[in-house]
Amino acid sequence: MTAPTLPPHSSPTAPAPATDGPADAPGVPLGETLHTQVITWFDGNARDLPWRRADAGAWGVMVSEFMLQQTPVNRVLPVYEQWLERWPRPADLAKEAPGEAVRAWGRLGYPRRALRLHGAAVAITERHGGDVPTEHAQLLALPGIGEYTAAAVASFAYGQRHAVLDTNVRRVLARAVTGVQYPPNATTAAERRLARALLPEDERTAARWAAASMELGALVCTAKNESCHVCPISGHCAWRLAGKPEHDGPPRRGQTYAGTDRQVRGKLLAVLREAHTPVPQTVLDRVWHEPVQRARALDGLVADGLVEPLPGGLYRLPLT
């Protein structure tokens, strides 16, 4: 969810509305038309975010990618800046206990991402001399890094040609090319083929396209209340030209939090993050009224490696 380094921009401004017209100019492939219009829009409207600046480096890009998964930018920004101030290089984080990564993660949610980022930092330090590797295969071999993150870091940090498919890009391609309102709940092989087919041949252009299409989905082609009137490719969007048919696939997965095990886990972790000595079970028992759910949540945290049980009914964030 990040982008290649670019100069700071002012706040996004609306481009001139696109006019209706043919899906493409004669003799010009659709992909090339989309690339040109979306990248031009991006050049004038991309947000100035710290992980897009030259001094962020590959480590800054990687940290942002971990943090931005299922978490909005405004929540990530303060934690990201504190994280990079404390751990400006992977080796700095690798020297700390994994529990410190969980503590610094704060309330970003999905705290296993903190453990995975710590594990990646250790591997980068041990295998690559403390520098985030440049090759996609090396990135993919790091613990906690999947296809999306490897492609994103290779593209956004190193300007390489990779299909970067996050939720925003998938939605843009679903609407503009496939003609449906929403992509499938899980990324499909057909989506990957489409994304690869639409990649510009030139590496630099491909990296810009990856960033620009992602930003378009984040700011304009949003999940709700999309702004088609300011979209640079509305005149080529298959979904808009078809009259914006309603989604008729499987129900879209909603995210609930109140009363879930996720909420209980968050409350338990909040107590442990604030404590710098082991916490008795009796203290943790106060955070949630329902004992079965509370015990299940605590057991899950232990199983995930986020909490370390000690003799005498004590708990702490993990040291190893």
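Preceding this paragraph is the structure being described.
Basis of the calculations
- Residue indices follow the written sequence of each chain, beginning from 1 at its first position.
- With the structure being a predicted model, the display of local features is reserved for residues of pLDDT at least 70 and the display and counting of side-chain atom pairs for 80 or more, all residues being used for whole-chain, interface and lining totals.
- Water and hydrogen atoms were dropped before computing side-chain values, which therefore reflect all heavy atoms in the structure.
- What is meant by a nonpolar core is a set of buried Ala, Val, Leu, Ile, Met, Phe, Trp, Tyr and Cys residues, joined one to another through side-chain atoms within 4.5 Å.
- Each residue is placed in one exposure class: buried if its accessible area under a 1.4 Å probe, protein chains only, is under 20% of its type's maximum, exposed if it is over 50%, and partly exposed if it falls in between.
- A run of DSSP states H or I qualifies as a helix once it reaches four residues; a run of E qualifies as a strand once it reaches two. Both are numbered from the N-terminal end.
- Only heavy atoms matter for contacts: two residues are in contact if any of them lie within 4.5 Å across the pair.
- Every axis in this analysis is a line fitted to C-alpha atoms, fitted for helices over the stretch in contact. Angles between the N-to-C directions lie between 0 and 180 degrees.
- Oblique is the label for any angle not under 35 degrees, not over 145, and not in the 65 to 115 range, which are roughly parallel, roughly antiparallel and roughly perpendicular in turn.
- Note: crossing handedness is left-handed where the near helix turns anticlockwise from the far helix by less than a right angle, and right-handed where it turns clockwise.
- Residues are sorted three ways: Asp, Glu, Lys and Arg are charged, Ala, Val, Leu, Ile, Met, Phe, Trp, Tyr, Cys and Pro are nonpolar, and all the rest, Gly among them, are polar.
- Strand pairing follows a simple DSSP-based rule, namely that at least 2 bridges must link the two strands.
- Only protein atoms enter the 1 Å grid, on which a cavity is a set of points fitting a 1.4 Å probe that cannot get out and a pocket is an open set with protein on both sides within 12 Å along at least 5 of 7 lines, lining residues being those with an atom within 4 Å of a point.
- Grid points are joined across faces, edges and corners, and a volume is the space filled by probe spheres set on the points.

**Let's talk about the nonpolar core**
Thinking step 1. If you look at the biggest cluster of nonpolar residues, it comprises 82 residues, and the most contacted ones within it are W59, M62, M67, W83 and L117.
Thinking step 2. Element by element, the count of residues in this core is highest for helix α2 (residues 57-68), at eight residues.
Thinking step 3. When residues no more than four places from it in sequence are discounted, the contact partners of W59 are W83, L84, W87, P88, R89, P90, L93, L117, A121 and V132.

**A few points about the packing of α2 against helix α6 (residues 112-128)**
Thinking step 1. Taken N-terminus to C-terminus, the directions of α2 and α6 make an angle of 155 degrees; their axes are 9 Å apart at the nearest point. The angle between α2 and α6 places the two elements in the roughly antiparallel class. In this structure, α2 crosses over α6, and the sense of that crossing is right-handed. In this structure, α2 contributes W59, M62, V63, F66, M67 and L68 to the contact, and α6 contributes R113, R116, L117, A121 and I124.
Thinking step 2. Residues that form the contact of α2 with α6 fall into these classes: nine nonpolar, no polar and two charged.

**Considerations on the environment of I39**
Thinking step 1. Position of I39 relative to the elements: it lies in helix α1 (residues 30-45).
Thinking step 2. For the pair I39 and T205, spaced 166 residues apart in the sequence, the C-alpha separation amounts to 8.5 Å.
Thinking step 3. If near-sequence neighbours (up to four positions away) are discounted, I39 is found in contact with L34, T205, R208, W209 and A212.

**Some points on unusual backbone geometry**
Thinking step 1. A positive phi angle, near 65 degrees, is found at Q70, a position not held by glycine.
Thinking step 2. Inspection of the secondary structure assignment puts Q70 in the loop between α2 and α3 (73-86).
Thinking step 3. Of note in the backbone geometry, N225 takes a positive phi value of approximately 55 degrees without being a glycine.
Thinking step 4. Checked against the element boundaries, N225 lands in the loop between α11 (203-219) and α12 (238-241).
Thinking step 5. When its relative accessible area of 72% is taken as the criterion, N225 is described as exposed.

**A closer look at the sheet that holds strand β1 (residues 279-280)**
Thinking step 1. Taken in spatial order, the three strands line up as β1-β3-β2 in an open sheet, and their pairing is antiparallel. The sheet is open, and its two edges are formed by β1 and β2 (308-310), each paired on a single side.
Thinking step 2. Bridge analysis of β2 against strand β3 (residues 314-316) gives three bridges, and the strand direction is antiparallel. From the neighbouring strand, P309 faces β3, where its bridge partner is Y315.

**Points about the environment of L30**
Thinking step 1. Structurally, L30 can be placed in helix α1.
Thinking step 2. For the pair L30 and W105, spaced 75 residues apart in sequence, the C-alpha separation works out to 42 Å.

**Overview of the environment of R53**
Thinking step 1. Within the element layout of this structure, R53 appears in the loop between α1 and α2.
Thinking step 2. Residues R53 and A157 lie 104 residues apart in sequence; the distance between their C-alpha atoms is 10 Å.

**Quick word on the layout of surface pockets**
Where empty space is left becomes clear once a probe the size of a water molecule has been rolled over the atoms.
Thinking step 1. Its boundaries defined by the atoms lining it, the second largest pocket holds a volume of some 330 Å³.
Thinking step 2. Taken together, 23 residues make up the lining of the second largest pocket; nearest its centre are A174, V180, Y182, P183 and P184.
Thinking step 3. Mapped by element, the contributors of at least two residues to the lining of the second largest pocket are α9 (167-178) and α10 (189-197).
Thinking step 4. The dominant element in the lining of the second largest pocket, judged by the number of residues it contributes, is α9, at four residues.

Such coordinate-based values are descriptive only and should not be taken to indicate function.
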